[in-house]
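Residues per chain are reported as follows:
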Amino acid sequence: MTMSADDLLRLHRKPDRAHAARADLDAVLDAMLIGTLSTVVDGLPWAVPTLCARDGDHLLLHGSTGAGAFRQVAAGAPAAFTVACLDAIVVADSLFDHSANYRSAVVRGQLEPVPEEEQWDALISLSERPLPGRPAEVVDMTRKELAATLTLRMPIIDGNWIVKIRSGGAGEADRDPEAWRGVVPLQEVWGDPVPEPDRVDQPLPDSVRRLRGTRN
């Protein structure tokens, strides 16, 4: 089966779940800490889960300069980046009608290395995303560490992304009036910090204290 670029960015099933507003895309990307970078190398699929951050009209990724997939996309291989979050299980009165509430996004395009003069700011953005305020509490990266890090960005261009969101309860009519129907929400909450054995007497840094007990 041959597919066009337009086919890849169109929902053929449940098209009502597609969201065309750029604000919806930004909200989904900003809610996720990790996604999957996918590309094709020598005719074979290659997918790598990785941390991510959105910086305006770019997706930021980083990894080792020795990582094969990152080298491929940095050299111009076409790529797709996907994120998804499960928000709830939707319980119906038949297995066929069970579902899930979720948010997902796919951004396609080409990644480019972040220019050297912008690399530090990009890495700060990536570090601030999972733990706001932490970069100001630790020592700076060394030149050697910076040289070993490949920082990439993918432009977010209209027409190259798709957002899919499902919310609400079971959509089909009741088939069993006696069966329970409803939604079971799923929440991710940061737990209590666990220090390294030799750091148990150290006070919690502000960045970690603020994160504890909050939702991602």
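Computed from a predicted structure; not experimentally measured.

Each value, and the rule that gives it
Residues numbered from 1 in each chain as written. Predicted model: local features only at pLDDT ≥ 70, side-chain atom pairs only at ≥ 80, totals over all residues. Heavy atoms only, no water. Core = buried A, V, L, I, M, F, W, Y, C linked by side-chain atoms within 4.5 Å. Buried < 20%, exposed > 50% of the residue type's maximum accessible area, 1.4 Å probe, protein only. Contact = heavy atoms within 4.5 Å. Helix = DSSP H or I, 4+ residues; strand = E, 2+ residues; numbered from the N terminus. Pairing = 2+ DSSP bridges. Axes fitted to C-alpha atoms, helices over the stretch in contact; angles between N-to-C directions. pLDDT = per-residue confidence, 0-100.

## Remarks on the nonpolar core
Turning to step 1, where the next piece is worked out: Formed by 24 residues in total, the largest nonpolar core has its most connected members in Leu25, Leu29, Leu37, Val83 and Leu111.
Turning to step 2, where the next piece is worked out: Non-local contacts of Leu29, meaning those with residues more than four positions away in its chain, are made with Arg54, Leu59, Val83, Ala105, Val107 and Ile156.
Turning to step 3, where the next piece is worked out: Ala53, Val114, Ala122 and Leu126 belong to the second largest nonpolar core, which has six residues in total.

## Here we look at helix α2 (residues 22–31)
Turning to step 1, where the next piece is worked out: Those residues of α2 lying buried are Leu25, Asp26, Val28, Leu29 and Ala31.
Turning to step 2, where the next piece is worked out: Elements that come into contact with the buried residues of α2 comprise β3 (53–55), β4 (58–64), β5 (79–91), β6 (99–109) and β9 (161–166).

## Regarding the sheet that holds β3
Strand-to-strand pairing in sheets goes through backbone hydrogen bonds, with the strands running parallel or antiparallel.
Turning to step 1, where the next piece is worked out: As summarised here, the arrangement of the four strands in space is β3-β4-β8-β7, forming an open sheet in which the pairing is antiparallel. Taken across any chain shown, the strands that pair with only one partner, and hence form the sheet edges, are β3 and β7 (112–113).
Turning to step 2, where the next piece is worked out: Against the sheet, helix α4 (residues 116–128) contacts β3, β4 and β8 (149–155), and its axis sits at roughly 80° relative to β8.

## A few points about the side chain of Ser104
Turning to step 1, where the next piece is worked out: Relative to the helices and strands, Ser104 is located in strand β6.
Turning to step 2, where the next piece is worked out: Apart from residues no more than four positions distant in its own chain, Ser104 is found in contact with Val28, Val83, Ala84, Ile162, Val163 and Lys164.

## Re unusual backbone geometry
Turning to step 1, where the next piece is worked out: Positive phi is not limited to glycine here, since Asp42 has a value of about 55°.
Turning to step 2, where the next piece is worked out: With respect to the helices and strands, Asp42 occurs in the loop between β1 (34–41) and β2 (44–51).
Turning to step 3, where the next piece is worked out: Asp42 gets classed as exposed once you look at its relative accessible area, which sits at 77%.

## So, the confidence of the model for the protein
Turning to step 1, where the next piece is worked out: In the predicted model, the protein carries a mean pLDDT of 89, and 90% of its residues have values of at least 70.
Turning to step 2, where the next piece is worked out: Within the protein, no element has a lower average pLDDT than helix α1 (residues 5–8), which sits at 53, and none a higher one than β3, at 97.

## Quick notes on the pairing of β5
Turning to step 1, where the next piece is worked out: Both β1 and β5 contribute to a ladder of four bridges, which runs antiparallel. When the bridges of β5 are listed, Thr39 appears paired with Ala79.
Turning to step 2, where the next piece is worked out: Pairing geometry for β5 and β6, over 11 bridges, is antiparallel. Bridged to Ala79 within β6 is Gly109.
Turning to step 3, where the next piece is worked out: Sheet analysis places β5 next to strand β10 (residues 182–185), joined by four bridges and oriented antiparallel. Paired with Val91 across the two strands is Gly182, which belongs to β10.

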